[in-house]
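What follows is the residue order along each chain.
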Amino acid sequence: MFIDSFKPFMKLCGELKPKAILVCGLDNSGWLARGLGREKAWEQARYDVPYEGGTALAARMPHPSSAIRYEDWRPTVDALLEEARKVPK
């Protein structure tokens, strides 16, 4: 199911041209990384997502429905946004 969404997701990225993607769900992150042809996707907490017209930095975190604590993952989100701000428009 998830792998079937890879092509539509890449098309959407080409339209929206994000600089950062926060992937909620470790399984979702693995599927995205595998769609990009990444080896050992489960070991990659951050990775580039090339799409038509650009590249975004992706960071993963557990899905919010897994009762995560905001305080634990705020540094991941802050670092992703900081890196995205450095990307030229």
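Residues numbered from 1 in each chain as written. Predicted model: local features only at pLDDT ≥ 70, side-chain atom pairs only at ≥ 80, totals over all residues. Heavy atoms only, no water.

### Considering helix 2 (residues 26-35)
1) Next: Where helix 2 is concerned, the buried positions are Ser29, Gly30, Leu32 and Ala33. In an axial view of helix 2, the angular spread of the buried residues amounts to 165°, which keeps them on one side of the axis.
2) Next: Those residues of helix 2 that are buried lie in contact with helix 1 (6-16), strand 1 (20-24), strand 2 (46-51) and strand 3 (54-61). (Buried < 20%, exposed > 50% of the residue type's maximum accessible area, 1.4 Å probe, protein only. Helix = DSSP H or I, 4+ residues; strand = E, 2+ residues; numbered from the N terminus. Arc of directions from axis to C-beta. Contact = heavy atoms within 4.5 Å.)

### Section: the sheet that holds strand 2
1) Next: Spatial strand order, 1-3-2: three strands in an open sheet with mixed pairing. The open sheet has two free edges, formed respectively by strand 1 and strand 2, since each of these has just one partner strand. Going across the sheet, the axis of each strand differs from the next one's by a mean of 30°, ignoring polarity.
2) Next: Note that strand 2 and strand 3 share six bridges and pair antiparallel. Bridge pairing links Val49 to Ala56 in strand 3. (Pairing = 2+ DSSP bridges. Axes fitted to C-alpha atoms, helices over the stretch in contact; angles between N-to-C directions.)

### Some remarks on the state of the cysteines
1) Next: Throughout the structure, instances matching the rule amount to zero disulfides.
2) Next: The thiol of Cys13 is not disulfide-bonded; the next cysteine sulfur, from Cys24, is found 14 Å away.
3) Next: Take Cys13: its relative accessible area is 3%, and that puts it in the buried class.
4) Next: Its relative accessible area of 26% is what places Cys24 among the partly exposed residues. (Disulfide = S-S within 2.5 Å.)

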